[in-house]
Amino acid sequence: MRPRVVSVCLDLSPSHGGMYRAVTDLARLLGSPLVSFRDGSGREPPTIPDLPVTMIDWSRRSLLRQAIWPPVEVRRAAEAAFGHADCLIVHSLFRSHAQIVHRLAAARGIPYVVVPHGALEPGLWRSKRLLRRCWMLAGGAAYLRDAAAIVFATAGERSHAEETLGRSLAAHVIPFAVPAGSVRLTAAQKATARQTLGLPVSRRLLLVLGRLDPVKRPREIVNWFCRAEPADCDLVIAGMDGTITANELRGLLPAAFCDRVWFLGGLAAGRRDAALAACDGYLSWSRHESFGYAAAESLAAGLPVVLPPGHGLRSEIETVGCGLFPLADDQNSFTAVIRDFSRASIGELEARGEAGRVWVENNLRPDAVAARWHDLISIVGRLPPPSHKDGK
């Protein structure tokens, strides 16, 4: 009989994009119920009828309460929701759900596995250094120390975390699961997908997926794409408004590009699949991607990818021949790689896309990822129970 696993996360919501998919997909792989601490950051409620979800609302609590000092009623609700778990999978850091898990694990002898989702990236750490150091001093360091395991999605994410913490970690690297597409789309199927989304049928299309927030750098993407002036190549931006809006980005467009940059807004699953089917390549210029769920989905769909230096998935696939990789994180490198994409033959792009699809099949296949997780859970279940020691 397999151990009973409970997954713990922050504000489970489709509006969190790749994080939401990563958490829910892993819970499905493990047959795990979910306990979500709702902090008000999610714009939509979760829609996952196949998984039991317990929502604990602390959205009206102060940031101090959410990050460091959880109120008694929240702790009690969490302890009841965790039930008779044999192992906890805990997503994200820097909120007091970690301290709750730490206390409960010590009291009940339950091992827990931490999944940081890029939270220990050096750039993110520096951006909120004071709050994060306070969290570490208020129990976060002990929480990380006493974890049965810390799981990173890529080797690059692990090395960045070790840089942040200033020490090596006895951690595991297990990627998120992404199923690969089985067949290459025909020209007719691609044309149908474009017509469904109102996109031009005859032009090369480069896709950007994700919420319009500064960390994804949509302003830079739009400005630099226009300055690159790629021949017969349009940009497709699919993502809901964030702190940046599609209307704001439209205002950046020179007159000559008003019909060459397309905004699809946020996409439900069917339209997201259509966008992947419609386009010829995927572009990310994000400042921080520990894994890059959208990039992995694009590879799975047979699209070549354009990823900047520092992107979590790039170090895993750079030698596979499945993308175009700019030399530096600057405007000149961006415009050069966009021009290279626009000039590449269809055959070259399809070959790169197929190499990426095969890589996903070999490395991110759900059954293989699930087996690695079950092996890890079996191992941590045999470890001595965590002790609740003071420490930093």
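Look a little higher up for the structure.
I will try to describe carefully the structure that is included in this document. (Residues numbered from 1 in each chain as written. Predicted model: local features only at pLDDT ≥ 70, side-chain atom pairs only at ≥ 80, totals over all residues. Heavy atoms only, no water.)

All right, on to the side chain of His91 then. Along the chain, His91 turns up in strand β4 (residues 87-91). With near-sequence residues (within four places) excluded, His91 lies in contact with Ser7, Val8, Cys9, Val23, Leu26, His97, Val115 and His117. (Helix = DSSP H or I, 4+ residues; strand = E, 2+ residues; numbered from the N terminus. Contact = heavy atoms within 4.5 Å.)

With that settled, the discussion passes to the pairing of strand β5 (residues 112-115). A two-sided burial pattern is seen for β5, the buried positions comprising Tyr112 and Val114 on one face and Val113 and Val115 on the other. As defined by bridge partners, β4 adjoins β5 across four bridges and the pair is classed as parallel. From the neighbouring strand, Val90 faces β5, where its bridge partner is Val114. In this fold, the crossover linking β4 to β5 by way of helix α4 (residues 97-108) has right-handed handedness. Sheet analysis places β5 next to strand β6 (residues 149-152), joined by two bridges and oriented parallel. Across the sheet, Val113 pairs through a bridge with Ala149, a residue of β6. (Buried < 20%, exposed > 50% of the residue type's maximum accessible area, 1.4 Å probe, protein only. Pairing = 2+ DSSP bridges. Right-handed = clockwise from strand over helix to strand, strands pointing away.)

As a further point, take the environment of Trp125. Relative to the helices and strands, Trp125 is located in helix α5 (residues 122-127). For Trp125, a relative accessible area of 11% translates into the label buried. Put simply, Trp125 and Gly31 are 94 residues apart on the chain and 32 Å apart in space, counted from C-alpha to C-alpha. In contact with Trp125, other than residues within four places in its own chain, are Phe94, Leu120, Arg132, Arg133, Met136 and Thr164.

On to the sheet that holds β4, then. Backbone-to-backbone hydrogen bonds join strands into a sheet, with any given pair of strands oriented parallel or antiparallel. In space, the seven strands of this open sheet follow the order β3-β2-β1-β4-β5-β6-β7, with parallel pairing throughout. On the outer flanks of this sheet lie β3 (53-57) and β7 (172-173), each paired with one strand and no other.

The next subject is the pattern of salt bridges. For the coordinates displayed, the defined rule picks out 19 salt bridges. Two residues, Arg203 and Asp234, come together in a salt bridge whose shortest N-O distance is 2.6 Å. Within this pair, whereas Arg203 is found in the loop between α8 (187-197) and β8 (204-209), its partner Asp234 is found in strand β9 (residues 233-238), the two being separated by 31 residues in sequence. By relative accessible area, Asp234 is classed as buried at 0%. Taking the shortest distance from any N to any O, the salt bridge between Arg314 and Glu318 comes out at 3.0 Å. Since its relative accessible area comes to 9%, Arg314 is described here as buried. (Salt bridge = Lys/Arg side-chain N within 4 Å of Asp/Glu carboxyl O.)

Turning next to the sheet that holds strand β12 (residues 305-306). The six strands lie next to each other as β10-β9-β8-β11-β12-β13, forming an open sheet whose pairing is parallel. If you trace the sheet from one side to the other, it starts and ends with β10 (261-263) and β13 (323-324), each paired once. Examined bridge by bridge, strand β11 (residues 281-283) and β12 share two bridges and lie parallel to one another. By the bridge assignment for β12, Tyr282 is matched with Val305. Contacting β8, β9, β10 and β11, helix α9 (residues 218-228) crosses the sheet at an angle of about 170° to β9. (Axes fitted to C-alpha atoms, helices over the stretch in contact; angles between N-to-C directions.)

The next point concerns the side chain of Asp280. Within the element layout of this structure, Asp280 appears in the loop between α11 (269-278) and β11. A distance of 2.8 Å separates polar atoms of two side chains, one belonging to Asp280 and the other to Arg194. In terms of polar contacts, Asp280 uses its side chain to reach the backbone amide nitrogen of Leu205, at 2.8 Å. Contacts of Asp280, omitting those with residues within four sequence positions, involve Lys190, Arg194, Arg203, Arg204, Leu205, Leu303, Pro304, Phe341 and Leu349. (Polar contact = N/O pair within 3.5 Å; in protein donor to acceptor, adjacent residues only side chain to side chain.)

All we've got here are geometric facts, nothing functional implied.
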